[in-house]
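# Analysis of the macromolecular model
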Amino acid sequence: MSTTATLATLSDSNLAADPNWWRQASVYQIYPRSFADSNGDGLGDIKGITAKVPYLKELGIDAVWLSPFYPSALADGGYDVDDYRNVDPKLGTLEDFDEMANALHAAGIKLIADIVPNHSSDRHEWFREALASPKGSAARDRYIFRDGKGPNGEFPPSDWDSVFGGPAWERITEPDGTPGQWYMHIFAKEQPDLNWANREIRDDFLKTLRFWSDRGVDGFRVDVAHALTKDLTEPLLSKLELSAANTGTDGFADGSHPFWDRDDVHEVYAEWREVFNEYNPPRTAVAEAWVHATRRPRYASPAGLGQAFNFDLLQADFDAEEFREIITRNLAEAAATGASSTWVFSNHDVVRHATRYGLPKGSKGSKGKPAKGQDGKSWLLAGGPKEELDVELGERRARAATLLMLAVPGSAYLYQGEELGLQEVAEIPDAERQDPSFFRNKGVEVGRDGCRVPLPWAVEGTSFGFGDGGAHLPQPDWFSRYAVEAQDGTQGSTLELYRTALKLRRELQAAEELEWIETGNPEVLHFSRPGGWRSVTNFGDTAVELPAGTVLVSSAPLVDGKLPANTTAWLR
Ligand code: NOJ
């Protein structure tokens with residue numbers, strides 16, 4: 001057995017026993033419908049994931065975060081859940097799920113399940129019952145129903161927009177066939193918001209948390225964790241009044257918004273924490289909460305969910321000063337609350353970072369939002385005109401940024417395909433798009449499908465080895481050169497860089513401390529971790545001398561012993 005293998009085995013068993021395993025874990029997000037397809041129906045599935053466990057083990061991650069795999073009509077890629085305690089038959093069965101969980105655990109990999117508590121799907125049995133029941137019934141009280149305005153209730157209760165565009169209210173037809181009440185949906189109309197003031201909803205979710213925890217799920221990623229509790233006391237403020245009252249650029253700072261980030265949402269998570277602590281080791285959780293930075297620690301509190309996503313780096317430019325400020329601030333925040341920091345560059349909602357970093361600074365896409373150019377055509381075209389997207393620069397910077405991130409204390413969240421340096425797919429014909437944000441915006445926003453295209457495993461063949469059939473979103477020809485097969489064992493490939501870095505990270509991992517080392521060059525960031533692990537990133541355009549030490553890995557080859565532009569190296 002090689003030294004590396006011995007170390008990996010040792011850390012696997014330490015990880016299983018350690019109640020703090022999550023604090024500095026590398027977590028790999030699997031978007032199941034686009035990961036691997038075992039039965040050739042064009043849709044990734046649970047058995048497909050199980051078959052790739054050896055790949056995940058070799059990658060060197062500590063945990064998998066599985067995006068929704070529940071029965072769903074896929075109105076929002078699975079974030080419209082029909083049944084919280086089952087597996088989508090299109091993806092497999094509960095037995096397949098158990099098999100996958102066991103295979104992951106046997107490989108020393110933890111499993112984090114996505115949970116979607118803010119809304120169910122409109123096909124959930126509760127919602128069907130609500131539609132079939134009269135106004136004021138207990139069945140309607142599981143959701144947020146209101147009478148409309150106007151003489152015949154023909155106008156929505158407020159002028160609020162849904163996140164995906166269009167109104168946040170939808171009118172129903174009453175069981176007797178007459179136009180009826182309206183229900184609230186912050187997202188698509190197929191995602192009615194649940195009423196968290198209703199005790200039955202709260203209890204049912206506690207049951208769901210236990211259901212999956214009993215099946216071996218080690219933690220939960222909580223979808224839109226900041227929207228559950230609402231104060232919809234009449235009169236409802238208009239969107240103009242709400243935006244005038246907004247106290248920050250990134251959300252209300254005082255918890256006074258009617259549905260985002262209200263203080264009493266933490267009562268929900270205090271109950272969840274009690275359930276998590278029934279297990280050994282306690283189940284973990286990470287909040288997806290796009291809130292004012294000053295309010296994020298509440299979600300990450302050990303008495304609540306324990307961790308909250310920090311999307312600051314994801315929204316930053318590739319810029320030394322910005323990176324340093326964000327890292328310093330977030331580490332201080334985490335230390336003050338007892339949480340651990342989280343870091344993320346890519347996920348299923350944003351433009352892949354290999355593409356963002358190749359776009360002109362300040363452009364819309366460079367901040368994570370998929371966009372069309374001013375001429376209405378997509379300008380995220382990988383391989384497209386240089387003045388718009390520089391593919392090589394994007395990938396080079398993404399590798400440098402990721403290597404830096406993997407050296408920072410806290411958890412690193414990685415998104416499937418980023419280990420291949422995959423670019424956003426811009427050339428999806430409108431007719432093949434799936435994202436509700438594209439349809440509800442009438443195509444003004446291109447939506448998030450470009451980062452959700454099924455992974456290329458092989459350089460050629462049907463769907464590049466994703467499965468024996470097609471792929472549910474079209475894969476471009478250039479996917480071939482990013483395939484796992486093309487990169488596996490290839491020196492200098494992005495895949496091999498991730499493998500090397502993730503293994504080293506496990507070996508070098510140390511107390512959650514970071515010390516900046518002044519470089520005298522504003523374009524170069526240098527920091528150390530306990531035990532002598534150091535990371536140096538050159539954000540500038542010209543090569544710089546490396547500080548003394550042994551180079552362990554670098555995101556691009558050194559040139560004459562120097563650290564080239566847009567490159568990170570780890571030293572000891
Ligand atoms: C956040 C998820 O990440 C996103 O994909 C989804 O559309 C919304 N929440 C609604 O569930």
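See the structure printed just above.
Keep in mind the model is a prediction, meaning the values are calculated, not measured.

## A look at the overall build of the chain
Along the chain, the regular secondary structure elements total 16 helices and 16 strands. A compact globule built from 572 residues should have a C-alpha radius of gyration of about 25 Å, and the chain, at 24 Å, falls within 12% of that. When its C-alpha atoms are laid out on the principal axes, the chain stretches across 80 × 55 × 50 Å. For the chain, buried positions account for 60% of its 572 residues.

## Description of the sheet that holds strand E8 (residues 284-287)
Taken together, 8 strands build an open sheet; the order of strands is E9-E8-E7-E3-E2-E1-E11-E10 and the sheet is parallel. The outermost strands of the open sheet, each flanked by one partner alone, are strand E9 (306-308) and strand E10 (342-344). The mean angle between the axes of side-by-side strands here comes to 25°, regardless of whether they run parallel or antiparallel. Where strand E3 (residues 110-115) lies against strand E7 (residues 219-222), 4 bridges are found, and the strand directions are parallel. Of the residues in E7, the one forming a bridge with Ile115 is Val222.

## Topic: the nonpolar core
Membership of the largest hydrophobic core comes to 134 residues, with the highest contact counts inside it found for Tyr28, Leu56, Phe69, Tyr269, Trp272, Phe323 and Trp570. The dominant element in this core, judged by the number of residues it contributes, is helix H13 (residues 391-407), at 9 residues. Once residues lying within four places of it in the same chain are set aside, the contact partners of Tyr269 are Val222, Ala225, Leu228, Tyr299, Ala303, Gly304 and Leu305. In terms of nonpolar packing, the next biggest core, distinct from the first, is built from 17 residues, Met184, Ala227, Leu236 and Phe259 among them.

## Concerning unusual backbone geometry
Going from Glu234 to Pro235, the amide bond is cis rather than trans, its omega being 0°. Residue placement: Pro235 occurs in the loop between E7 and helix H7 (239-245). Positive phi, normally seen in glycine, also occurs at Val224, with a value near 35°. Residue position: Val224 is located in the loop between E7 and H7. Residue Val224 is classed as buried on the basis of its relative accessible area of 5%. For Asp261, which is not glycine, the phi torsion reads 55° and is therefore positive. In this structure, Asp261 sits in the loop between H7 and helix H8 (265-276).

## Topic: H13
In an α-helix, one turn spans 3.6 residues, which is why side chains three or four residues apart end up on the same side. Under the 1.5 Å per step criterion, the end-to-end length of H13 is 25 Å for 17 residues, consistent within 8% with the ideal 24 Å. Among the 17 residues that make up H13, 14 are buried, leaving the element largely enclosed by the rest of the structure. Where H13 starts, the residue carrying a side-chain oxygen 3.3 Å from the main-chain nitrogen of Glu392 turns out to be Asp390.

## Here's the deal with the environment of Lys239
Structurally, Lys239 can be placed in helix H7. Along the chain, Lys239 and Ile172 lie 67 residues apart, while their C-alpha atoms are 23 Å from each other. What Lys239 contacts, discounting residues up to four positions off in sequence, is Asp159, Trp160 and Asp161. Among the polar contacts listed, one links the side chain of Lys239 to the side chain of Asp161, at a separation of 3.1 Å.

## Some thoughts on the pattern of salt bridges
One pass over the full model with this rule turns up 40 salt bridges. Through salt bridges that share partners, Asp76, Asp349, Asp435, Arg448 and Arg452 make up one connected network.

## Looking at the packing of helix H6 (residues 199-214) against H8
Where H6 meets H8, the axes come as close as 10 Å, and the angle between the chain directions of the two elements is 30°. When the axis of H6 is compared with that of H8, the two are roughly parallel. The hand of the H6/H8 crossing is right-handed. Facing Arg199, Arg202, Phe205, Leu206, Leu209 and Arg210 of H6, the residues of H8 in contact are Glu267, Val268, Glu271, Trp272, Val275 and Phe276. Taken together, the residues that form the contact of H6 with H8 break down as 7 nonpolar, no polar and 5 charged.

## Side note on the site of the ligand
Near the ligand you find 14 residues, and of these Asp76, His119, Asp223, His348 and Asp349 are the closest. A distance of 3.0 Å separates an oxygen atom of the ligand from a polar atom in the side chain of His119. Interatomic distance of 3.0 Å between a side-chain N/O atom of Arg221 and an oxygen atom of the ligand. Within the complex, the protein chains bury 97% of what would otherwise be the 290 Å² of accessible surface of the ligand. Class assignment for the residues of the shell around the ligand results in 4 nonpolar, 3 polar and 7 charged.

## So, the side chain of Glu174
The topology assignment puts Glu174 in the loop between strand E5 (169-173) and strand E6 (179-184). With a relative accessible area of 12%, Glu174 lands in the buried category. Residue contacts for Glu174: discarding those within four places in its chain leaves Arg140, Pro179, Gly180 and Gln181.

## Quick word on the sheet that holds E5
An order of E4-E6-E5 is seen for the 3 strands of this open sheet, with the pairing classed as antiparallel. Across the chains shown, the open sheet's two edge strands, defined by having one partner strand only, are strand E4 (145-146) and E5. Across 2 bridges, E4 lies against E6 in antiparallel orientation. Following the sheet pairing, Arg146 is matched in E6 by Trp182.

Reading the values: the criteria
Residues numbered from 1 in each chain as written. Predicted model: local features only at pLDDT ≥ 70, side-chain atom pairs only at ≥ 80, totals over all residues. Heavy atoms only, no water. Helix = DSSP H or I, 4+ residues; strand = E, 2+ residues; numbered from the N terminus. Rg over C-alpha atoms; globule rule 2.2 N^0.38 Å. Buried < 20%, exposed > 50% of the residue type's maximum accessible area, 1.4 Å probe, protein only. Pairing = 2+ DSSP bridges. Axes fitted to C-alpha atoms, helices over the stretch in contact; angles between N-to-C directions. Core = buried A, V, L, I, M, F, W, Y, C linked by side-chain atoms within 4.5 Å. Contact = heavy atoms within 4.5 Å. Expected span 1.5 Å × (residues − 1). Polar contact = N/O pair within 3.5 Å; in protein donor to acceptor, adjacent residues only side chain to side chain. Salt bridge = Lys/Arg side-chain N within 4 Å of Asp/Glu carboxyl O. Parallel < 35°, antiparallel > 145°, perpendicular 65-115°, else oblique. Left-handed = near helix turned anticlockwise from the far one by under 90°. Nonpolar A, V, L, I, M, F, W, Y, C, P; charged D, E, K, R; others polar. Near = heavy atom within 4 Å. Areas by Shrake-Rupley, 256 points an atom, 1.4 Å probe, with all protein chains shown as cover.

Spatial relationships are all this shows, so hold off on functional conclusions.
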